[in-house]
Amino acid sequence: DPMLRLSDIKKSYNAGQATEITVLDGANLTVDRGEIVALVAPSGAGKSTLLHIAGLLDTADSGAVEIAGQPLQRASDAERTRMRRRSVGFVYQFHHLLPEFTARENIVLPQLANGVPNVQAAARADNLLDKVALAKRAGHRPAEMSGGEQQRVAFCRALANNPGLLLADEPTGNLDPGTSDTVFAALMGLVRETGLSAVIATHNLELAARMDRQVRLDAGKIVALDE
Ligand code: ADP
Ligand code: ADP
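Residues numbered from 1 in each chain as written. Chains lettered and ligands numbered in written order. Predicted model: local features only at pLDDT ≥ 70, side-chain atom pairs only at ≥ 80, totals over all residues. Heavy atoms only, no water.

Participant: Looking at this model, I keep getting lost on the packing of helix α5 (residues 147-158) against helix α6 (residues 177-194). Mind explaining?
Facilitator: Two measures define how a pair of helices packs: the angle their axes make with one another and the distance between the axes. Relative to each other, α5 and α6 sit at 15°, their axes nearing to 10 Å. Taken as axis vectors, α5 and α6 run roughly parallel relative to one another. Every pair of crossing elements has a handedness; the one defined by α5 and α6 is right-handed. Residues G148, Q151, R152, F155 and C156 of α5 pack against T179, V183, A186, L187 and L190 of α6. Of the residues in the contact of α5 with α6, the class split is six nonpolar, three polar and one charged. (Axes fitted to C-alpha atoms, helices over the stretch in contact; angles between N-to-C directions. Helix = DSSP H or I, 4+ residues; strand = E, 2+ residues; numbered from the N terminus. Parallel < 35°, antiparallel > 145°, perpendicular 65-115°, else oblique. Left-handed = near helix turned anticlockwise from the far one by under 90°. Contact = heavy atoms within 4.5 Å. Nonpolar A, V, L, I, M, F, W, Y, C, P; charged D, E, K, R; others polar.)

So this is what it looks like as structure tokens:
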């Protein structure tokens with residue numbers, strides 16, 4: 001099975017109102033294990049909507065969502081939440097780290113929620129921080145770190161529970177170009193090393209070109225970038 005399969009996904013907002021908008025109109029996307037797909041589209045095209053549906057944070061109006069071969073579009077809320085917590089990691093444009101906790105604690109907390117013992121969770125956090133060259137920042141709070149460092153901690157948190165699938169929505173969109181490059185390299189390093197599958201939405205064509213495959217959203221459908 002592929003890691004992610006989206007089939008004929010349709011999604012509208014404000015159905016039946018004058019403001020009705022069809023964002024996804026039969027979108028199909030398959031992501032193989034270990035594959036990194038760039039999702040390129042202008043703002044408003046529906047990237048966030050697609051990622052939220054793929055990550056089980058939102059439901060489509062119709063179509064099928066499969067993660068690791070499991071059909072989830074019509075699964076119970078409890079089952080979707082369990083699958084999301086176990087198998088999906090999210091990264092956003094803004095880090096969303098908890099300000100009152102240290103970098104290590106921000107990576108430990110999602111593991112505790114999944115029943116991982118504290119000592120093991122802390123060891124994993126430190127190991128992840130080391131991979132993004134932040135071992136020395138483990139005890140620092142977000143406000144004591146630069147934007148690029150905060151975002152690298154957010155990547156570690158997304159990988160805390162060893163998900164099979166990473167979904168990233170403009171993960172370096174908030175950073176200046178120089179920092180964006182370093183931080184993106186850190187993300188790609190983490191993803192490649194852990195053999196994760198990933199869908200990474202970006203406006204940055206240079207970053208997109210470094211992924212395995214590029215797709216874009218066009219009139220609610222996924223098309224290969226060169227089509
Ligand atoms: P992108 O991530 O590509 O910028 P989004 O998926 O956020 O696109 O949004 C796609 C379109 O759907 C936009 O026109 C946006 O205004 C609209 N939209 C997104 N979420 C909602 C919502 N909850 N209610 C109504 N319209 C929405
Ligand atoms: P929770 O325990 O709040 O359900 P999870 O740890 O299961 O959160 O969520 C996984 C990731 O998805 C986290 O990074 C969280 O910030 C994000 N997330 C959870 N719910 C939403 C939502 N409704 N919209 C956007 N992101 C969300």
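Participant: Explain the site of ligand 2 here, please?
Facilitator: Ligand 2 sits among L57, R84, R85, F90 and Y92. R85 places a polar side-chain atom, nitrogen or oxygen, 2.9 Å from an oxygen atom of ligand 2. Here Y92 contributes a side-chain N or O atom positioned 2.5 Å from a nitrogen atom of ligand 2. Alone, ligand 2 offers 540 Å² of accessible surface; in the complex the protein occludes 48% of this. (Near = heavy atom within 4 Å. Polar contact = N/O pair within 3.5 Å; in protein donor to acceptor, adjacent residues only side chain to side chain. Areas by Shrake-Rupley, 256 points an atom, 1.4 Å probe, with all protein chains shown as cover.)

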